[in-house]
Structure formats: structure tokens, C-alpha cells
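Residue-level structure breakdown
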Amino acid sequence: MEALSALVAELTGDEEKAAAAASSAGFAYGLAAIGPGIGIGYLVGKSVEAMARQPEAAGMVRTTMFLGIAFTEALALIGFVVFILIGL
Amino acid sequence: MTVTDNPSPITTRLDGEAPEIQVSFDILKRGAYASPVIVAVCAVFAGLDGVFSALYGMVLVLVNFFCAAGLVAVTARISLGLMMGAVLFGYIARLGLIFLAVILVRDASWISLTALGLTIIVTHLGLLVWEMRYVAASLAYPGLKPRPQ
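To start, this report covers the structure provided alongside it. Per chain, residues are indexed from 1 in the order of the written sequence. Note on labels: chains are lettered from A, ligands numbered from 1, in written order. Given that the model is predicted, a residue must reach a pLDDT of at least 70 before its local features are reported, and side-chain atom pairs must reach 80 or more before they are shown or counted; all residues, however, enter totals for whole chains, interfaces and linings. Where side-chain values are given, they derive from all heavy atoms of the structure, hydrogens and water being excluded.

This part takes up the overall build of chain A. The number of helices and strands found in chain A is three helices and zero strands. Seen in sequence order, chain A has helices and strands lined up from the N terminus as α-α-α. Using C-alpha atoms as the atom set, the radius of gyration is obtained and then compared with a globule rule of 2.2 Å times the number of residues to the power 0.38. The C-alpha atoms of chain A give a radius of gyration of 20 Å, which is well past the 12 Å a tight globule of 88 residues would have. Counting only C-alpha atoms, chain A reaches 65 × 25 × 10 Å along its principal axes. Only protein chains enter the calculation, and the probe is 1.4 Å; a residue is then buried if its accessible area is under 20% of its type maximum, exposed if over 50%, and partly exposed in between. Here chain A holds 88 residues, and 35% of them are scored as buried. Any two residues whose heavy atoms approach within 4.5 Å at even a single point are treated as in contact. The contacts in chain A between residues at least 6 apart in sequence include a share of 70% that link residues at least 24 apart. The method behind every accessible area is Shrake-Rupley, applied with a 1.4 Å probe, and residues are considered shielded solely by the protein chains displayed. Carbon and sulfur atoms form 69% of the exposed surface of chain A, whose accessible area is close to 4,600 Å². Each charge sign in chain A was given a centre, from 4 positive and 8 negative side chains, and these centres are 22 Å apart. Put simply, DSSP H or I for four residues or longer makes a helix, DSSP E for two residues or longer makes a strand, and each gets a number counted from the N terminus. This count recognises Lys and Arg as positive and Asp and Glu as negative, with His and chain-terminal groups excluded. We put the charge of a Lys on NZ, of an Arg on CZ, of an Asp on CG and of a Glu on CD.

Shown next as C-alpha cells:
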């Protein structure tokens, strides 16, 4: 912890800003990935339940599930793009 | 239609054709139609760097779709439980791969991060909405399938 404090104390103003931007972007990406992770888990769990109960409807469920996964994943991709635009 | 009383996702498996692969090929086809427009828009804003970045972003998005579809298609033939696990871990793995793919080229002279980022979002969402329109029509009116494009 002391080493970290010493390191931060040595940073200039611009470097501090860059470090803050990088860590904030990392946080933003991490937070943006949590929501879609929960969403995909819920979506796939319900789809598996539906397919196990009614295998005849599996094709329809799978198609809808795949599109749902991709839509949910778009949220994480938006977080990633914010990360690369701010943090890289 | 039959309803199974005691379904077990661990032992249930789905044989037959994989609709995800068809959806992915449809998305690839639509991506090929849309690519000139996206590349042209990025060329206007970021020049030649924008062109390369847009192409790279589109390849990333399409490969991502195919990876997701492949995972579901392969694991659904084994077990639904495995499919669920593969989708969840695949989500993390695919995010990691996209991260790696962007990190590897971030300092390249031909990359424009703004064009790349916007291409990833616009291509991903745009192609999905386009495909969803077709899929929704197919599911709502199975007897009136839209013309093949």
C-alpha cells in the first residue's frame, strides 16, 4: 500500500488523469459485463427448461434464444466500446 | 405437442439441424450486403484507417456470431445442461477474445479506434435487428414464409 502511495505521489498531473481514466474504463467494462451475464444466464436457463419440457418446440426456442443471447451481448459490447474509447 | 412430465436438462439432447447456424449464415449474408455502406461511412469519417477498421470490426462481429452459434449447435447435440454451461462460459471467452483482438491492433498504424468501436456496435445491433425482422415474420406466419433473399 505504501509502495502504491509512493508511486501515485510520483505521477504528474497528466499521468494521474491517464491512470484515472484507465481504471475507470476498466471498472465500466467490468460493470457492463455483469448485467448481460445475469441476463444470458436467466435467458438460457428458461430456454433449457422450455426445451426439456417440450422438445418439439426446440427449434423455435433455440432460434429465439440465440437472438436473445446476441441482443443481450450487445450491452456488453457497448461497455467494451466505451472502454476502448476512454481507456486505451 | 407433448409435454414431458419430468424433464432432465442433463440427459435431454437435441438432434437434428441447428437453427443457430442458419441464422448465422443469414446474418453473414446480410453483413455482406451492409458492408459497403458501413465501410463508406467510416471512410468518410476516418479515411483509409476507417476502411480497415470497419472491415476488421465487421469480421470480429461475424466471427463472434459464428462462435456463439457453433457452441450452441455442438453442445445441444450432447446435453442441454452442457449447452447452458457452454453458452455462459462462451460468453466470457468470446468477450475475452474480442478484447484480445482489439488490444493486439490498438497501436497499429491502420486502426481508428473510434471507427472500430462504432462499427462493432452498429454492425452487431443492425444485423440482429435485420435478422430478427425475418425470424419474427417466419415464427408469426409459418405458412407464409418470406421470400428467400
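In this section: the interface of chain B and chain A. Counting from both sides, the interface comprises 47 residues of chain B and, opposite them, 38 residues of chain A. Across the chain B/chain A interface, buried area totals approximately 3,900 Å², and carbon plus sulfur atoms make up 80% of it. Counting the surface chain B buries against chain A, the share from its top three residues, Leu14, Tyr91 and Leu95 of chain B, is 14%. Salt bridge, as used here: a side-chain nitrogen of Lys or Arg that lies within 4 Å of a carboxyl oxygen of Asp or Glu. Notably, a salt bridge pairs Glu73 of chain A with Arg94 of chain B, separated by 2.5 Å at the nearest N-O pair. Side-chain atoms alone can form a polar contact between residues adjacent in sequence; in general such a contact is a pair of N or O atoms within 3.5 Å, and within protein one must be able to donate a hydrogen while the other accepts it. Seen at the junction of chain B and chain A, the total is five residue pairs in polar contact (both at pLDDT 80 or more). Among the elements that make up the side of chain B that touches chain A, the one with the highest residue count is helix H3 (residues 113-140) of chain B (13 residues). Classes in brief: Ala, Val, Leu, Ile, Met, Phe, Trp, Tyr, Cys and Pro nonpolar; Asp, Glu, Lys and Arg charged; the others, Gly included, polar. Here the residues of the side of chain B that touches chain A sort into 34 nonpolar, eight polar and five charged. As a working definition, buried area equals the accessible area (1.4 Å probe) given up by two parts on being put together, with both sides summed.

In this scheme Phe, Tyr and Trp rings, the latter by its six-membered ring, pair at centre separations within 6.5 Å, and the angle between planes marks the pair as stacked below 30 degrees, edge-to-face above 60, and tilted otherwise. Scanning the entire structure with this criterion turns up 10 aromatic pairs over all chains. Here Phe80 of chain A and Phe99 of chain B contribute two aromatic rings whose centre-to-centre distance is 6.3 Å and whose plane-to-plane angle is 65°, an arrangement assigned as edge-to-face. Placement of Phe80 of chain A in helix H3 (residues 58-87) and of Phe99 of chain B in helix H2 (residues 80-105) is noted, with the two residues assigned to different chains. Phe80 of chain A sits in the buried class, given a relative accessible area of 1%. The structure contains a cluster of three or more aromatic residues connected by ring pairs, namely Tyr29, Phe80 and Phe83 of chain A together with Phe99 of chain B.

Once that is clear, we can look at the nonpolar core. Most often, soluble globular proteins keep nonpolar side chains buried together rather than apart. Grouped together as the largest cluster of nonpolar side chains are 49 residues, with contacts concentrated most on Val44 and Met51 of chain A together with Phe65 and Met83 of chain B. When contributions to this core are tallied by element, the ones reaching two or more residues are helix H2 (13-53) and H3 of chain A together with helix H1 (19-76), H2 and H3 of chain B. Ranked by residues supplied to this core, first place goes to H3 of chain A with 13 residues. Discounting residues that sit within four places of it in the chain, Val44 of chain A has contacts with Met65 and Ile69 of chain A together with Met83, Met84 and Val87 of chain B. For this analysis, a nonpolar core means a set of buried residues of the types Ala, Val, Leu, Ile, Met, Phe, Trp, Tyr and Cys, connected via side-chain atoms within 4.5 Å.

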